[in-house]
Amino acid sequence: MSTRTLISPAVLARPRGRVLYWTVLTAVVLLFTLVFLGPLYWLVSSGFKDAQEVIQTPPTLVPGTFEAGNYSRAWEVMDLATLLFNTLYYAFGALAFQLVLDVAAAYSLSKLRPLFGKAILGMMLATLMIPATVLVVPQYLTVLDVPVVERNLLNTPWAIWLPAVTNAFNIFLLKRFFDSIPKELLDAASMDGASPLRVLWSIVLPISRPILGVVSIFAVVGVWKDFLWPMLTLPDPSKQTLNVGIYSLSNGVPVNVLIAALTIASVPTLLIFLVFQRNIMSGLTAGGLKG
């Protein structure tokens, strides 16, 4: 079976064709590398410049001054250790709630088939069409005075955790993965006397590790990069997230120190992507079982 490509093997066999192919490929790779890594390089290098060089026009490609102390100064002045701990606490708390509740919802819709399950899933997916900014006011009024319990959740982790649980996209991803798991496998476990909860714990979850990894990354990054909601619900400076804390403390801080703080704040999410990029792709494309 022959494979069709943009350039035929006959053209590649010619010296001129090979030169043209590798020239175009190299130019495209360099262009995309510059587009994606250029802003990152500017961010990191600007953190080593002094305040005058950062605002210099035209900007310098290589720092003329090398002030590594900008990063340690940013860490101390902006109390990044506390902000980083707060963000990790909120992010992994939201992750725990999402893994428990979103998995339960997706498993129920996929395998337990409740009454009006398709209608419920349709209404969940319909919420994805609503702009997030439209939901800010009703969500804020809800956490300001939670119905029934009548509690004010401002300046508490619950103001971050509870809205993060209602993630229709993650539920949809999990349901689609659960749908791909052969029904015969679950029926065999049920015939052996396993309850639906035991089937979920012993069979479905071990098979679903790729998609659970994807959902975990989405959950952590979602809380990490959020700005507007934490700024509204966490006015106490000692309880703010990394993004909100840097914004609140940016007044009066030299621009080079501020850029160094932003660089430090970007490192964890970049590491997550670099370490787990293969897991993200395999989780999004993986099915259940092949046989």
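Overview of the structure. Note that the structure is predicted; figures quoted are calculated from it, not measured.

## Here's the deal with the side chain of Glu 53
And step 1. Within the fold, Glu 53 resides in helix α3 (residues 51-54).
And step 2. Of the side chains with opposite charge, Lys 49 lies nearest to the buried Glu 53, which makes no salt bridge, at 4.9 Å.
And step 3. Within polar-contact distance, the side chain of Glu 53 engages the side chain of Thr 60 at 2.8 Å.
And step 4. Excluding residues that lie within four positions of it along the chain, Glu 53 makes contacts with Thr 60, Val 62, Pro 63, Gly 64 and Thr 65.

## Some points on the packing of helix α5 (residues 80-112) against helix α8 (residues 158-165)
And step 1. With their axes 9 Å apart at the nearest point, α5 and α8 run at an angle of 35 degrees to one another. Viewed along their axes, α5 and α8 form a crossing whose handedness is right-handed. Contact residues: Tyr 89, Tyr 90, Gly 93, Ala 94, Phe 97, Gln 98, Leu 101 and Asp 102 in α5; Trp 158, Ile 160, Trp 161, Ala 164 and Val 165 in α8.
And step 2. Here the residues of the contact of α5 with α8 are counted per class, giving ten nonpolar, two polar and one charged.

## A look at the pattern of salt bridges
And step 1. All told, the structure shown has two salt bridges when counted by the stated rule.
And step 2. Here Asp 187 makes a salt bridge to Lys 183, at a shortest N to O gap of 3.0 Å. Separated by four residues within a single helix, Asp 187 and Lys 183 lie in helix α10 (residues 183-191), roughly one turn from each other.

## Some points on unusual backbone geometry
And step 1. Pro 58 follows Thr 57 through a cis peptide bond whose omega is 0 degrees.
And step 2. Tracing the chain through its elements places Pro 58 in the loop between α3 and α4 (69-77).
And step 3. Although it is not a glycine, Phe 116 sits at a positive phi angle of roughly 60 degrees.
And step 4. According to the relative accessible area criterion, Phe 116 is exposed, its value standing at 62%.

## Quick look at the environment of Ala 91
And step 1. Assignment of secondary structure puts Ala 91 in helix α5.
And step 2. We classify Ala 91 as buried; its relative accessible area is 0%.
And step 3. Distance from Ala 91 to Ala 219, taken between C-alpha atoms, is 7.1 Å for residues 128 residues apart in sequence.
And step 4. In contact with Ala 91, other than residues within four places in its own chain, are Val 220 and Val 223.

Scoring rules and cut-offs
Residues numbered from 1 in each chain as written. Predicted model: local features only at pLDDT ≥ 70, side-chain atom pairs only at ≥ 80, totals over all residues. Heavy atoms only, no water. Helix = DSSP H or I, 4+ residues; strand = E, 2+ residues; numbered from the N terminus. Buried < 20%, exposed > 50% of the residue type's maximum accessible area, 1.4 Å probe, protein only. Lys, Arg positive; Asp, Glu negative; His and termini not counted. Salt bridge = Lys/Arg side-chain N within 4 Å of Asp/Glu carboxyl O. Polar contact = N/O pair within 3.5 Å; in protein donor to acceptor, adjacent residues only side chain to side chain. Contact = heavy atoms within 4.5 Å. Axes fitted to C-alpha atoms, helices over the stretch in contact; angles between N-to-C directions. Left-handed = near helix turned anticlockwise from the far one by under 90°. Nonpolar A, V, L, I, M, F, W, Y, C, P; charged D, E, K, R; others polar.

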